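# Fold and geometry: a report
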Amino acid sequence: MSRNAAVARAGSEQALAVYQELRTRPGATFDEAADRLDLSAEERERCRDELVSLGLTAPQDPVAVVDPDVALLRLLRRERDRLQERLAATSRAHTALEALAGPFLRAGATPRGEIEVEIVDDPHRIRRSLADLTDSVRTAVHFMHTGSVRREELPGELAQDRLWAERGVRVRAMYSRRAASVPETAQHLEERAALGVEVRFASVVPMNMVLADENFALLPTDPHDLSSAAILARGPGLVRSYLALYEYCWTAAAPYGEEEAAEKGGDGLSEQQRAALLMLASGIKDEQIARNLGVSLRTVSRLLSEVMHELGAASRFEAGVKASRLGLLDGEVAERGA
């Protein structure tokens, strides 16, 4: 027998002895019964609590001794009442669950086939989701890169392109123009283009993005923080909106091999200058323009100075006004007449 069990048994035997002492000596106090048994203060308290919990004495009057059969009936009645209360509470909870699982749940549910959005901060999970695209894509996949692809990922990307080419999957990839200035990346893009990948360059790429079959989208929660968690979205109801953004950026980007010819927009402004002008007119601060273009603040100042010179404007505000009149802010370049 363990020490705790022996102590419990000894305590119960002491409580029984006190109870018998109280029954055989009507009118005796609890302390008098305990004195006759030579109980310590700790033992007295333990015996008092045990007799009260069993209903053999009253909490307010330990001298009021209750017959065991009466105490047993009272204890059974108490437990029955508690059980009934629990059953009633369970019944109420069950009714509420039925209501939630019925019309309320159906009314608030969104079909899984329409929209499903998940925030993922595990890099391994993100890579697994991208790897799954190799087998699941049926018609088209679209990539948007704000920077160069990591060196260790280049061979795997080419292998993926070959598999998609064999299955007739259309692959489009949009890169920041500065990615082409990295020799290793330039060679990689040439190999991708040779495999049939449609490659384009843009001065401003808003975020990293992967879209597939109008049913899958992967993009960052914070476009300016490459380490931020990713949004995994499934369902055409939402993915089509991202695809519309992609198509807009794709139309404005220069096809692979034609990027040098696209440096000038025909109006004297380079594509980079035009991008800086558009962001300036949108109220974006120089710091954000620099981040979007991937250049320094000094370069942004130079670009905007060149824009002002090209437009003959004495201030940035005047440059914005003239650009608006010329249609440079809406893509419709007006004639530079009087």
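Up top is the structure.
First, a word on what this report is: a plain description of the structure on this page.

How each quantity is defined
Residues numbered from 1 in each chain as written. Predicted model: local features only at pLDDT ≥ 70, side-chain atom pairs only at ≥ 80, totals over all residues. Heavy atoms only, no water. Helix = DSSP H or I, 4+ residues; strand = E, 2+ residues; numbered from the N terminus. Buried < 20%, exposed > 50% of the residue type's maximum accessible area, 1.4 Å probe, protein only. Contact = heavy atoms within 4.5 Å. Areas by Shrake-Rupley, 256 points an atom, 1.4 Å probe, with all protein chains shown as cover. Salt bridge = Lys/Arg side-chain N within 4 Å of Asp/Glu carboxyl O. Axes fitted to C-alpha atoms, helices over the stretch in contact; angles between N-to-C directions. Parallel < 35°, antiparallel > 145°, perpendicular 65-115°, else oblique. Nonpolar A, V, L, I, M, F, W, Y, C, P; charged D, E, K, R; others polar. Core = buried A, V, L, I, M, F, W, Y, C linked by side-chain atoms within 4.5 Å. Phe/Tyr/Trp six-rings, centres within 6.5 Å; stacked < 30°, edge-to-face > 60°. Pairing = 2+ DSSP bridges.

The next subject is the overall build of the protein chain. When you go through the protein chain residue by residue, the secondary structure sums to twelve helices and eight strands. Taking all 338 residues of the protein chain together, 36% fall into the buried category. Considering only intrachain contacts with a sequence separation of at least 6, the fraction spanning at least 24 residues in the protein chain is 63%. Total accessible area computed for the protein chain in this model is approximately 20,400 Å², and 54% of it derives from carbon and sulfur atoms.

Turning our eyes to something else, we now look at the pattern of salt bridges. Opposite charge on two side chains permits pairing when their charged atoms draw close. According to the stated counting rule, one finds 16 salt bridges in the structure shown. Residue Asp35 is joined to Arg44 by a salt bridge in which the shortest nitrogen-to-oxygen separation is 2.1 Å. The shortest N-O distance in the salt bridge between Arg46 and Glu42 comes to 4.0 Å. Of this pair, Arg46 and Glu42 both sit in helix 3 (residues 41-53), four residues apart, roughly one helical turn. On the basis of relative accessible area, Arg46 is assigned to the partly exposed category, the value being 30%. A relative accessible area of 59% places Glu42 in the exposed class.

Next up on the list: the packing of helix 9 (residues 271-281) against helix 11 (residues 297-311). Following both chains from N to C, one finds helix 9 and helix 11 inclined at 95°, their axes separated by 9 Å at the closest point. With respect to their mutual orientation, helix 9 and helix 11 come out roughly perpendicular. Counting all contacts with helix 9, which are made through Gln272, Gln273, Ala276, Leu277 and Leu280, the residues of helix 11 involved are Leu303, Leu304, Glu306, Val307 and Leu311. By residue class, the composition of the contact of helix 9 with helix 11 is seven nonpolar, two polar and one charged.

The subject of this paragraph is the nonpolar core. Membership of the largest hydrophobic core comes to 24 residues, with the highest contact counts inside it found for Val141, Trp164 and Tyr175. Where this core is concerned, the elements lending two or more residues are helix 5 (123-136), strand 2 (140-145), helix 6 (154-167), strand 3 (170-176), strand 4 (198-202), strand 5 (209-212), strand 6 (216-220) and strand 7 (230-234). For this core, the leading source of residues is strand 3, giving three residues. With residues up to four places along the chain from it excluded, the contact list for Tyr175 reads His145, Gly147, Val149, Glu157, Leu189, Arg192, Val199, Arg200, Phe201, Ala202 and Val205.

This paragraph deals with the packing of aromatic side chains. Applying the stated criterion across every chain yields a total of three aromatic pairs. Ring centres of Phe143 and Trp164 lie 6.2 Å apart, and the angle between their planes is 35°; on these two criteria the pair is classed as tilted. Separated by 21 residues along the polypeptide, Phe143 in strand 2 and Trp164 in helix 6 bring together distant segments of the chain. Side by side, Phe143 and Trp164 carry an identical accessibility label, which is buried. Both rings, one in Phe201 and one in Tyr256, keep their centres 6.1 Å apart while their planes meet at 35°; by these two values the pair is tilted. Placement of the pair is Phe201 in strand 4 and Tyr256 in the loop between strand 8 (254-255) and helix 9, with a sequence separation of 55 residues. On the basis of relative accessibility, which here comes to 1%, the residue Phe201 falls in the buried class.

Across the sheet, which stays open at both edges, the eight strands sit in the order 1-7-6-5-2-3-4-8 with mixed pairing between neighbours. Of all strands in the sheet, those with a lone pairing partner are strand 1 (116-120) and strand 8, marking the two edges. Note: strand 2 against strand 3, six bridges, orientation parallel. Bridge pairing in strand 3 places Val141 opposite Val171. Strands in contact with helix 7 (residues 183-194) are strand 2, strand 3 and strand 4; relative to strand 3, the strand with the most contacts, it is inclined by about 160°.

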